[in-house]
Amino acid sequence: MPSLRHHLFWPVFGIFAITSALALFNPESFTQQIAAVNASMLEFVGPLFSISTLVFLLLVILIFISPLGRIVLGGKEATPLLKKPQWIFITLCTTIASG
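Quick word on the overall build of the chain
Okay, step 1: Per the secondary structure count, the chain includes 3 helices and 0 strands.
Okay, step 2: For the chain, the α and β elements follow one another from N to C terminus as α-α-α.
Okay, step 3: Scaling as 2.2 N^0.38, a compact globule of 99 residues should have a C-alpha radius of gyration of about 13 Å, whereas the chain reaches 22 Å, well beyond that.
Okay, step 4: Taking all 99 residues of the chain together, 2% fall into the buried category.
Okay, step 5: Counting every atom, the chain has about 9,500 Å² of accessible surface; 77% of that belongs to carbon and sulfur.

Right under this line is the structure:
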């Protein structure tokens with residue numbers, strides 16, 4: 001595999017292998033540890049996630065109503081690949097899938 005980036009693959013694979021082994025050999029302890037990590041992440045990062053989501057939404061609305069929102073990517077002759085209903089359906093499906 002000449003396209004394999006060893007410096008990226010092996011550390012992540014190692015973490016995955018160790019995590020999988022811990023989950024297989026001691027599932028009760030693993031579940032408790034993961035629950036504790038999840039709770040601490042929600043406690044400390046949850047408000048930051050909510051605030052950043054609001055800021056990004058406001059940024060998108062600001063760009064949409066500003067002159068930047070009228071710029072057509074691809075040049076003046078560019079045409080959209082998808083129609084607006086297709087974009088709505090894609091957005092709806094990805095939102096449901098990620099939820």
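This is not the end of the story, as more comes after the structure.
Comments concerning the environment of histidine 7
Okay, step 1: On the secondary structure map, histidine 7 appears in helix 1 (residues 6-25).
Okay, step 2: Residue classification places histidine 7 among the exposed residues on the basis of a relative accessible area of 61%.
Okay, step 3: The spacing of histidine 7 and tryptophan 87 is 80 residues in sequence and 37 Å in space, taken between C-alpha atoms.

Things to note about the layout of surface pockets
Okay, step 1: If you add up the space inside the largest pocket, you get close to 480 Å³.
Okay, step 2: Lining the largest pocket we find Phe64, Gly69, Arg70, Ile71, Val72, Leu73, Ala78, Pro80, Lys84 and Trp87.
Okay, step 3: Among the residues forming the lining of the largest pocket, the class breakdown is 7 nonpolar, 1 polar and 2 charged.

What counts, and at which threshold
Residues numbered from 1 in each chain as written. Predicted model: local features only at pLDDT ≥ 70, side-chain atom pairs only at ≥ 80, totals over all residues. Heavy atoms only, no water. Helix = DSSP H or I, 4+ residues; strand = E, 2+ residues; numbered from the N terminus. Rg over C-alpha atoms; globule rule 2.2 N^0.38 Å. Buried < 20%, exposed > 50% of the residue type's maximum accessible area, 1.4 Å probe, protein only. Areas by Shrake-Rupley, 256 points an atom, 1.4 Å probe, with all protein chains shown as cover. 1 Å grid on protein atoms, 1.4 Å probe; cavity = no way out; pocket = protein on both sides within 12 Å on 5 of 7 lines; lining within 4 Å. Points joined across faces, edges and corners; volume = space filled by probe spheres on them. Nonpolar A, V, L, I, M, F, W, Y, C, P; charged D, E, K, R; others polar.

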